[in-house]
Amino acid sequence: GNNNSASNTFQWTYDSTDPGMTISSTTSGITGSGLTTKDTTITLQFLSTEETADFVVGDINVSNGSLGTLSNPSLDNRTFTAVFTPSGDGLCQISVAGSKFTDSAGNNNSASNTFTWTYDATAPTISGVTLASDNTTMTVTFSEAVYNTNSGSGSLEVSDFVFALSGGTATLSSTTPSSISINGNEYTLGISLSGTPNGSETLTVNPVSSSIYDLAGNVASTSQSNNSISLNDKLGPTMTISSSTVN
């Protein structure tokens, strides 16, 4: 007739939830996916929703680059980091497919987000110039979208360009364009001339130092190619009248 003593309490946690993962960047200036910069490397963070003991660098898919050593600096088995190095200019993508690692209950992970970043280390260039038939404007075409700050903002101004003129009879009244109009990557610049061109003049345009940038902050060189054109001949013909009679 003795009553029983209390048993132990058996505890068991049921876990059928797949661990997820979010990929982000901890590099300054790269606050989210989809940005374009000229950083030679970026540090990526891989944050798992649960602890995992079998997540390795080989579980990560990358394009246009490579990953360095995967580390878990906080030793929490959830927060991992690795340095990504791009192979060249262009779009870089990093992701983790589903069923690559497991949580402590053996649940396979679900697919992560795809982190994208565009590496751009190439400076913008002048790809061509055209001239109005009356020599009043030059249209300059750039290889990509350009800005007058290194943060990817600000429209170009006349002070961002400089003209030079050689040969012929005409001269420049000012080496700074007199006006500017913008259509996409094309910039039409006003030309102030003194004298009448005879067609032997060569007009050249260049960016002013540290004045024109692309979205990634690469600065255009002050020495370009595809940036010169001959002025149109506007000098009228002359006639000399003489006599062939012998006195």
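Look above for the structure.
The notes below deal with the structure included here. Here the structure is a predicted model, which is why all the values come from computation and not from measurement.

**Some thoughts on the overall build of the chain**
Looking only at helices and strands, the chain has zero helices and 17 strands in total. In terms of overall dimensions, the chain is more spread out than a globule: its C-alpha atoms have a radius of gyration of 33 Å, far above the 18 Å expected for 247 residues. C-alpha atoms of the chain, sized along the principal axes, occupy 165 × 25 × 25 Å. Across the 247 residues of the chain, 34% fall into the buried class. Expressed as a percentage of contacts within the chain between residues at least 6 apart in sequence, the contacts between residues at least 24 apart total 65%.

**Notes on the sheet that holds strand β10 (residues 137-142)**
Strands in a sheet are paired, the pairing made by backbone hydrogen bonds, and the direction either parallel or antiparallel. Strand order across the open sheet formed by four strands is β9-β10-β14-β13, with antiparallel pairing between neighbours. Among the strands making up the open sheet, the edge pair consists of β9 (126-131) and β13 (180-183). For this sheet, the mean inter-axis angle between neighbouring strands, taken without regard to orientation, is 20°. Relative to strand β14 (residues 186-190), β13 is paired through four bridges, and the arrangement is antiparallel. By the bridge assignment, Ile-182 is partnered in β14 with Tyr-187.

**Observations regarding the sheet that holds strand β6 (residues 79-86)**
What the four strands build is an open sheet, ordered β1-β3-β6-β5; its pairing is antiparallel. Of all the strands in the sheet, just β1 (21-25) and β5 (65-67) have a single pairing partner and so form its edges. Each adjacent strand pair in this sheet contributes to an overall mean axis angle of 30°, direction not counted.

**Brief notes about the environment of Gln-224**
By secondary structure assignment, the location of Gln-224 is in the loop between β16 (202-207) and β17 (228-230). Along the sequence, Gln-224 and Ala-121 sit 103 residues apart, while their C-alpha atoms lie 17 Å from each other. When sequence neighbours within four positions are dropped, the list of residues in contact with Gln-224 reads Pro-124, Thr-125, Ile-126, Asn-206 and Pro-207. Engagement of the side chain of Gln-224 in a polar contact is seen with the backbone oxygen of Ser-221, the distance being 2.9 Å.

**Notes on the nonpolar core**
Judged by nonpolar contacts, the single largest core of 20 residues is most densely connected at Phe-46 and Phe-55. Looking at this core, the elements with two or more residues in it are β1, β3 (42-48), β6, β7 (90-96) and β8 (115-119). In this structure, Leu-131, Leu-156, Ile-191 and Leu-231 belong to the second largest nonpolar core, which totals 19 residues.

**Quick word on the packing of aromatic side chains**
If you walk through the whole model with that rule in mind, you get nine aromatic pairs. Seen in terms of ring centroids, Phe-84 and Trp-117 are 6.2 Å apart; in terms of plane orientation they differ by 85°. Their pairing is edge-to-face. Of the two residues, Phe-84 sits in strand β6 while Trp-117 sits in strand β8, which places them 33 residues apart along the sequence. Both residues of the pair, Phe-84 and Trp-117, count as buried. Cluster of aromatic residues (ring-pair linked, three or more members): Phe-46, Phe-55, Phe-80 and Phe-101.

**Comments concerning unusual backbone geometry**
A negative phi angle is the norm for most residues apart from glycine, just as the trans form is the norm for most peptide bonds. The phi dihedral of Asn-64 falls on the positive side, at around 55°, and the residue is not glycine. Following the sequence through the fold, Asn-64 ends up in the loop between β4 (60-63) and β5. You can call Asn-64 partly exposed: its relative accessible area is 25%.

**Here's the deal with the environment of Gly-184**
By the secondary structure assignment, Gly-184 is in the loop between β13 and β14. Residue class for Gly-184 comes out exposed when judged on its relative accessible area of 56%.

**Structural notes on the pairing of β10**
Note on strand geometry: in a regular strand, side chains alternate between the two faces of the sheet. Sheet topology note: the β9/β10 ladder contains five bridges and is antiparallel. Bridging from a neighbouring strand, Thr-130 pairs with Thr-139 of β10. Where β9 folds back onto β10 in an antiparallel hairpin, the turn is made up of five residues, including Asn-135, whose phi is positive at roughly 65°.

**Focus on the side chain of Thr-102**
Mapped onto the elements, Thr-102 comes out in the loop between β7 and β8. For Thr-102, the side chain forms a polar contact with the side chain of Asp-54, separated by 2.8 Å.

Thresholds, definitions, all that
- Residues numbered from 1 in each chain as written.
- Predicted model: local features only at pLDDT ≥ 70, side-chain atom pairs only at ≥ 80, totals over all residues.
- Heavy atoms only, no water.
- Helix = DSSP H or I, 4+ residues; strand = E, 2+ residues; numbered from the N terminus.
- Rg over C-alpha atoms; globule rule 2.2 N^0.38 Å.
- Buried < 20%, exposed > 50% of the residue type's maximum accessible area, 1.4 Å probe, protein only.
- Contact = heavy atoms within 4.5 Å.
- Pairing = 2+ DSSP bridges.
- Axes fitted to C-alpha atoms, helices over the stretch in contact; angles between N-to-C directions.
- Polar contact = N/O pair within 3.5 Å; in protein donor to acceptor, adjacent residues only side chain to side chain.
- Core = buried A, V, L, I, M, F, W, Y, C linked by side-chain atoms within 4.5 Å.
- Phe/Tyr/Trp six-rings, centres within 6.5 Å; stacked < 30°, edge-to-face > 60°.

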